[in-house]
Amino acid sequence: LQIMEYSNGQEGLTTGDSEFRKATLLLLSTWAPFPTWFALSPEGFGVIDNVLVIQVGWAFLNIVSKFVFIFYIQRIKDLYCNRLKTKREL
């Protein structure tokens, strides 16, 4: 829904090529494992009961999801700054 609102109906979850859409899909894909990991933990269905494995899993999911998103947003910023710099040189 937010992609459609941002693009005035021109893009959706499955169509489009904007940086906003890509960032949204990246966020969704990196946050999707969290509910699954919770379900596997002792608080969920208790499939995994080793506390160390659960804690390392949470740490891994947090590090990966946050750093991937940060690096992608930084890439978008760098591309934007390079485009501005190119325009100023013309």
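Here, every reference points to the structure presented above.
Every residue gets a number counted from 1 within its own chain, in the order that chain's sequence is written. Totals for whole chains, interfaces and linings use every residue, but because this is a predicted model, local features are given only for residues with pLDDT of at least 70 and side-chain atom pairs only at 80 or more, for both listing and counting. Neither water nor hydrogens contribute to the side-chain values; these are computed over all heavy atoms in the structure.

### Points about the pattern of salt bridges
Throughout this description, the term salt bridge denotes a Lys or Arg side-chain nitrogen within 4 Å of a carboxyl oxygen of Asp or Glu. Counted according to the given criterion, the structure contains 1 salt bridge. A salt bridge links Asp17 to Lys22, with the nearest nitrogen and oxygen atoms 3.4 Å apart. Exposure classes here rest on a 1.4 Å probe applied to the protein chains alone. A residue is buried below 20% of its type maximum, exposed above 50%, and partly exposed in between. Classification of Asp17 as exposed rests on a relative accessible area of 57%.

### As for the environment of Asn50
Helix and strand definitions here come from DSSP, where helices need a minimum of 4 consecutive H or I residues and strands a minimum of 2 consecutive E residues; each element is numbered from the N-terminal end. Take Asn50: it is sitting in the loop between helix H3 (33-40) and helix H4 (51-89). A polar contact is formed between the side chain of Asn50 and the backbone nitrogen of Leu52, at a distance of 3.0 Å. The definition of a polar contact used here is a pair of N or O atoms within 3.5 Å, where within protein one atom must be able to donate a hydrogen and the other to accept one, and adjacent residues in sequence count solely through side-chain atom pairs.

### Observations regarding the nonpolar core
Formed by Phe34, Trp37, Ile48, Ile54 and Leu61, the largest nonpolar core amounts to 5 residues. Between two residues, a contact is recorded if the distance between any of their heavy atoms is within 4.5 Å. Not counting residues up to four positions away in its chain, the partners in contact with Phe34 are Trp58, Leu61, Asn62 and Ser65. To form a nonpolar core, buried Ala, Val, Leu, Ile, Met, Phe, Trp, Tyr and Cys residues must be joined to one another through side-chain atoms within 4.5 Å.

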